[in-house]
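# Structural description and commentary
One-letter residues, chain by chain:
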Amino acid sequence: MKITALHGQKHHGSTWNTTQLLLDLLISEDDECNEFFVNDIPNCIGCYTCIMKDEEKCPHRSLTKPIIQAIEQSDIIIIETPNYCMGMTGQLKTFFDHMAYRWMSHRPLDEMKNKVAIAVSTTAGAGAGVASKQIAKQLFWWGIPKVYRLNVAVAASKWDDVKPKIKFKIEQKAMKIAKKTKKNYERVCRGLRQKFIFKMMGGMQKSGFGTPKDAAYWKEHGWI
Ligand SMILES: Cc1cc2nc3c(=O)[nH]c(=O)nc-3n(C[C@H](O)[C@H](O)[C@H](O)COP(=O)(O)O)c2cc1C
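In this report, the structure presented in the accompanying data block is examined. Note that the coordinates shown come from a computational prediction; the quantities given were computed from them, not determined experimentally.

Our next topic: the site of the ligand. Around the ligand there are 17 residues in total, and His11, Thr15, Asn83, Thr122 and Gly125 lie nearest to it. Between Ser14 and the ligand, the recorded distance is 2.8 Å, taken from a backbone N or O atom to an oxygen atom. Here Ala156 contributes a backbone N or O atom positioned 2.9 Å from an oxygen atom of the ligand. Compared with its free state, where it exposes 640 Å², the ligand has 72% of that area covered by protein. Within the residue set of the shell around the ligand, elements represented by two or more residues are helix H1 (14–26) and strand S4 (116–123). Considering only residue class, the shell around the ligand consists of eight nonpolar, nine polar and no charged.

Okay, the side chain of Glu80 next. Relative to the helices and strands, Glu80 resides in strand S3 (residues 76–82). There is no salt bridge for the buried Glu80, and the closest opposite charge comes from Lys10, which lies 13 Å off by N-O distance. Here His7 takes part through its side chain, which lies 3.0 Å from a polar atom of the side chain of Glu80.

It is worth spelling out the layout of surface pockets at this point. Put simply, the largest pocket is a space of about 270 Å³. In this structure, the largest pocket is lined by 19 residues; those nearest its centre are Ser14, Thr122, Ala156, Ser157 and Lys158. Elements with a minimum of two residues in the lining of the largest pocket: H1 and S4. Among the elements that make up the lining of the largest pocket, the one with the highest residue count is H1 (three residues). In the lining of the largest pocket, the residues fall into six nonpolar, eleven polar and two charged.

Parameters and conventions
Positions within a chain are numbered from 1, following the residues in the order the chain's sequence is written. Where totals are concerned, whole chains, interfaces and linings use all residues; where local detail is concerned, this predicted model gives features only for residues with pLDDT of at least 70, and gives and counts side-chain atom pairs only at 80 or more. Hydrogens and waters are ignored; side-chain quantities use all the structure's heavy atoms. Near, as used in this document, describes a residue that has one of its heavy atoms within 4 Å of the molecule or strand being considered. Polar contact criterion, stated in full: a pair of N or O atoms within 3.5 Å, where within protein one must be able to donate a hydrogen and the other to accept it, and residues adjacent in sequence count only if both atoms are side-chain atoms. Values of accessible area rely on a 1.4 Å probe in the Shrake-Rupley scheme; residue burial ignores everything except the protein chains shown. Numbering of helices and strands runs from the N terminus, with a helix taken as a DSSP run of H or I at least four residues long and a strand as a DSSP run of E at least two residues long. For this classification, Asp, Glu, Lys and Arg are treated as charged, while Ala, Val, Leu, Ile, Met, Phe, Trp, Tyr, Cys and Pro are nonpolar and the rest, including Gly, are polar. Exposure is judged per residue with a 1.4 Å probe applied to protein chains only, and the accessible area is read against the type maximum: over 50% gives exposed, under 20% gives buried, and values in between give partly exposed. His residues and chain termini do not enter the charge count, which takes Lys and Arg as positive and Asp and Glu as negative. For salt bridges, the criterion is a side-chain nitrogen of Lys or Arg within 4 Å of an Asp or Glu carboxyl oxygen. Cavities and pockets are defined on a 1 Å grid built over the protein atoms alone: a cavity is a set of grid points where a 1.4 Å probe fits but cannot escape, while a pocket is an open set with protein on both sides within 12 Å along at least five of seven lines, and lining residues are those with an atom within 4 Å of any such point. Grid points are joined across faces, edges and corners, and a volume is the space filled by probe spheres set on the points.

Here it is, written out as C-alpha cells:
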C-alpha cells in the first residue's frame with residue numbers, strides 16, 4: 001500500500017501531530033509513505049498553461065511535480081490543514097490551484113477512481129469541518145470516490161497545550177478512520193453523483209465546450 005500525506009502548513013503543530021497519529025495507525029512494514037509540505041509553491045499566476053497547453057510547462061512544475069506524481073501513484077492520500085479563518089491555509093489552496101487541470105472538467109486521472117483519501121483539520125474552536133470539507137470538495141473533483149474527514153477542535157493554539165482528554169479523543173477518531181480506510185481502500189468505486197458529473201463532463205467535451213487539449217485527452221482514453 002502506498003500513502004502520500006500532504007501538510008498544509010510547515011510547523012509541527014496540532015494538525016501535523018494528528019496526521020502523524022493517523023499515519024502510525026495506517027502504515028505497516030511493507031507500506032510506502034511519502035510526506036510533503038506545500039509551503040514553497042508560489043501562487044498560481046493564472047497563465048492557463050496547464051489547462052490549455054501542457055501541465056509540464058507550468059512555471060512551478062519542478063516544485064509541484066514530485067507531489068503530484070506521489071499522489072497519482074498512491075492508494076491512500078491524506079491532506080491536512082489547520083483551520084485558518086474558517087478555511088484551509090492559503091498555502092494548501094495554492095497547491096490545489098495547481099491541480100485545476102486534473103479536475104473532472106479537464107483531464108482527470110483515471111486511477112483516481114480507485115483511491116481513498118482522508119482530509120484532516122484541527123481548529124481552536126469551530127471551523128475544522130469547514131476546512132476539511134473544502135479539501136474533500138477538491139478531491140471529489142479530482143475524481144476520488146471516498147474521502148473520510150477527521151476534524152478536531154483542540155481548544156489550544158499549540159499541540160503541547162492540548163489536554164490529554166482531547167488527545168485521547170483524537171486517537172479514537174483516528175483509529176476509527178484508519179480502520180475504515182484499511183478495510184475499504186481496494187473496494188471503492190464512484191457513487192451516482194460522481195458518475196453523473198463524469199458523464200456530464202464527457203458530454204461537454206463531446207460538444208466542444210472544453211479545450212482542444214482536454215477533448216483530445218478524453219478521446220485518447222476512450223471516454224468520448
Ligand atoms: C491565522 C489563523 C487563523 C485561525 N482561525 C481560526 C478560526 O477561524 N477559528 C478557530 O476556532 N481557530 C482558528 N485558529 C486556530 C487554529 O485553527 C488552531 O489552533 C489549530 O489547531 C492550529 O493548528 P496547528 O497547530 O496545526 O497550526 C486560527 C489560527 C491561525 C494562526
